[in-house]
Amino acid sequence: MKKHYLLILSIFTVFAITSCSSDDDSGSNSNGTNASSDSYLEIEGDSYQLRSGVIEDYGEGSNETFNFDITLISASVTSINGEFIPEGNSYTGIYFELWSNNSSDLAEGTYSYSNSEDGFTYTYSEIHKDISTDTFTGEYIDITSGELEVNKNGNNYEFTFTGTTFDGDDISMYYSGSLVEY
């Protein structure tokens, strides 16, 4: 979880610094929308279209498994000097800290919540709801149960999730598209 907050902090620090700079686009690269139009996140009946995703490889953990974190959000992602930031004023999304048995990529299969770092588990997940890209305020809601199905075809991933938040709210999610490597 500490790595997750450090990533968010670094993304938003870069956003804050670059949003105060001139409109010179040198060194920036927009990745636009990389998800299919039917990608969504639904939280207790409220639906958000997922437009982009990021995958981070944190390398080997314990139990001969490998840590990959994914974040899927309702905004497009822009790369500025190698850092990825969400576009617009706010976003909603979902985050997973996943443990794979594959060292080079997130393995296909079903991942379930667990406190262990065993293969095909996730040790932490949360909803980011209506997060301001200026103040980083909004709702961060822990997910406490559910299963994430991971499939891959070439550079495109397909994620399907159903689960429950700490407060008992139902969540469903589908994402199909490429992921930006962080």
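Scroll up to find the structure.
Residues numbered from 1 in each chain as written. Predicted model: local features only at pLDDT ≥ 70, side-chain atom pairs only at ≥ 80, totals over all residues. Heavy atoms only, no water.

Trainee: Mind showing me how you'd approach the side chain of Thr 71 here?
Mentor: Assignment of secondary structure puts Thr 71 in strand E5 (residues 66–73). Leaving out residues up to four positions away in the same chain, Thr 71 has contacts with Ser 52, Gly 53, Val 54, Glu 56, Ile 94 and Tyr 95. (Helix = DSSP H or I, 4+ residues; strand = E, 2+ residues; numbered from the N terminus. Contact = heavy atoms within 4.5 Å.)

Trainee: Help me out: how do you make sense of unusual backbone geometry in this one?
Mentor: A negative phi holds for most residues other than glycine; trans holds for most peptide bonds. One non-glycine residue, Glu 44, lies in the positive phi region at around 45°. Turning to its location among the elements, Glu 44 is positioned in the loop between strand E2 (40–43) and strand E3 (46–49). With relative accessibility at 45%, the residue Glu 44 sits in the partly exposed group. (Buried < 20%, exposed > 50% of the residue type's maximum accessible area, 1.4 Å probe, protein only.)

Trainee: I would appreciate a short explanation of the layout of surface pockets in the present structure.
Mentor: Empty space left among the atoms is revealed by rolling a probe the size of a water molecule over them. As a volume, the second largest pocket reaches approximately 230 Å³. In terms of residue count, the dominant contributor to the lining of the second largest pocket is strand E4 (residues 52–60) (three residues). Classifying every residue of the lining of the second largest pocket gives five nonpolar, three polar and five charged. (1 Å grid on protein atoms, 1.4 Å probe; cavity = no way out; pocket = protein on both sides within 12 Å on 5 of 7 lines; lining within 4 Å. Points joined across faces, edges and corners; volume = space filled by probe spheres on them. Nonpolar A, V, L, I, M, F, W, Y, C, P; charged D, E, K, R; others polar.)

Trainee: Whenever I open this one, the pairing of strand E7 (residues 83–86) confuses me. Can you help?
Mentor: Put simply, side chains in a regular strand alternate between the two faces of the sheet. Note that strand E6 (residues 77–80) and E7 share four bridges and pair antiparallel. What sits directly across from Ile 80, in E7, is Glu 83. Hairpin geometry of E6 and E7 is characterised by an intervening segment of two residues between the two adjacent antiparallel strands and by a positive phi of about 50° at Asn 81. (Pairing = 2+ DSSP bridges.)

Trainee: Help me out: how do you make sense of the environment of Ser 116 in this one?
Mentor: Take Ser 116: it is sitting in the loop between strand E9 (109–113) and strand E10 (121–132). Taking relative accessible area as the criterion, Ser 116 reaches 23% and is therefore assigned partly exposed. Separated by 53 residues in sequence, Ser 116 and Asn 63 place their C-alpha atoms 8.8 Å apart. Of note is the side chain of Ser 116, whose polar atom sits 2.9 Å from the side chain of Ser 114. Side chain to side chain, Ser 116 and Asp 118 meet in a polar contact 3.1 Å long. (Polar contact = N/O pair within 3.5 Å; in protein donor to acceptor, adjacent residues only side chain to side chain.)

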